[in-house]
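# Secondary and tertiary structure notes
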Amino acid sequence: MATITEENYLKALLALVSEPGNDRGCGSVSELGQRLGVSVPTANSMVKNLHAKGLIEYEKYKPLTLTQAGRRAAGLIVRKHRLTEMFLVDVMGFGWEEVHEIAEQIEHIDSEALFSRMDRMLDHPTVDPHGSPIPDAEGRFETVMYANLSESQVGKRFELKALSQSTSEFLTYLTERGMGIGSELEILSVEPFDASMRVRLNGQEELVLSERVCQMLLVDPL
């Protein structure tokens, strides 16, 4: 069984190799260290340890990849995290901006029965409260590529499907404006000077969203 630190490394490497635009499906020790906030020597030492356990493919000066066993282990950690977030929101009534830190702790519990029960109680959700895919019981998942609202056309309607970032500050910002996964956004106009957008939310209220916010909203056309 992996330690909490090892699990965090596996999860971070999975996130790194799964990023949109990472066609190589790999990462570097320095990128992994930056993501975890540790030095390159510290990250390198852990990578060697995970390589010895057959979870990471590592060769000096070459990119890192997850082995099949490592990808499955990392996917199952992500599954526990995202199921927990969904349970906290849907069953316990937490706000979607409140659940990440709690899920960070619960994801390390080694109890298949607990998370299987969560999954059944939630009727087997495929995405978490932020629109991110929940891996299946084998740790497998597919990332759906959505468009950024900032790249979308005036006069079109879209459904908010996911977020490119889910910090508590950003989630609070969206909550205060009545926006969540599944919200409908109609683009009314785009400001030429700063690319901010005037949108109609759920066919009612009009809002002005900055370019930065629009870049973080991932949408599908209606």
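Details of the structure are given in the entry above.
Here's what I pulled together on the structure shown here. This is a predicted model, so every value here is computed, not measured. (Residues numbered from 1 in each chain as written. Predicted model: local features only at pLDDT ≥ 70, side-chain atom pairs only at ≥ 80, totals over all residues. Heavy atoms only, no water.)

## Examining the overall build of the protein
Selection criterion: Secondary structure elements are defined from DSSP: runs of H or I of at least 4 residues count as helices, runs of E of at least 2 residues count as strands, and each element is numbered from the N terminus. For the radius of gyration, the atom set is restricted to C-alpha positions; the globular benchmark scales as 2.2 Å times the number of residues to the power 0.38. Contacts between residues were defined by any pair of non-hydrogen atoms, one from each residue, lying within 4.5 Å. When charges are tallied, Lys and Arg are placed among the positive residues and Asp and Glu among the negative ones, while His and the ends of the chain are skipped. Think of each charge as sitting on NZ of Lys, CZ of Arg, CG of Asp or CD of Glu.
When its secondary structure is counted, the protein shows 8 helices and 8 strands. Taken over the C-alpha trace, the protein has a radius of gyration of 19 Å; the compact-globule value for 222 residues is 17 Å, and the two agree within 12%. With respect to the three principal axes, the spread of C-alpha positions in the protein is 55 × 40 × 25 Å. Across the protein, every contact between residues at least 6 apart in sequence was considered, and the portion connecting residues at least 24 apart equals 62%. Measuring between centres, the 22 positive side-chain charges of the protein sit 5 Å from its 34 negative side-chain charges.

## Concerning unusual backbone geometry
Cut-off, in case you're wondering: Note on exposure labels: buried denotes an accessible area under 20% of the residue type's maximum, exposed denotes more than 50%, and partly exposed covers the range between, all computed with a 1.4 Å probe on protein chains only.
Residues other than glycine seldom take positive phi values, yet Tyr-61 does so here, at roughly 70°. On the secondary structure map, Tyr-61 appears in the loop between strand 1 (56-57) and strand 2 (65-66). Overall, Tyr-61 belongs to the exposed group, its relative accessible area being 77%.

## A look at the pattern of salt bridges
Filter applied, for reference: A pair is scored as a salt bridge if a Lys or Arg side-chain nitrogen falls within 4 Å of a carboxyl oxygen belonging to Asp or Glu.
All chains considered together, the criterion is met by 15 salt bridges. Note that Glu-104 and Lys-11 form a salt bridge whose closest N and O atoms lie 2.6 Å from each other. Within this pair, whereas Glu-104 is found in helix 5 (residues 100-106), its partner Lys-11 is found in helix 1 (residues 4-17), the two being separated by 93 residues in sequence. The exposure class assigned to Glu-104 is partly exposed, which follows from its relative accessible area of 24%. For Glu-159, the salt bridge is made with Lys-161, and the minimal N-O distance between the two is 3.9 Å. Look at Glu-159 and you get partly exposed, because its relative accessible area is 26%.

## Re helix 2 (residues 29-36)
Formally: Directions drawn from the helix axis to the C-beta atoms are what define this arc.
All buried positions along helix 2 are accounted for by Val-29, Leu-32 and Gly-33. Seen from one end, helix 2 has its buried residues packed into an arc of 100°, which puts them on one side. Those residues of helix 2 that are buried are in contact with helix 1 and helix 3 (40-52). Looking one or two residues past helix 2, Gly-37 carries a phi angle of roughly 70°, positive in sign.

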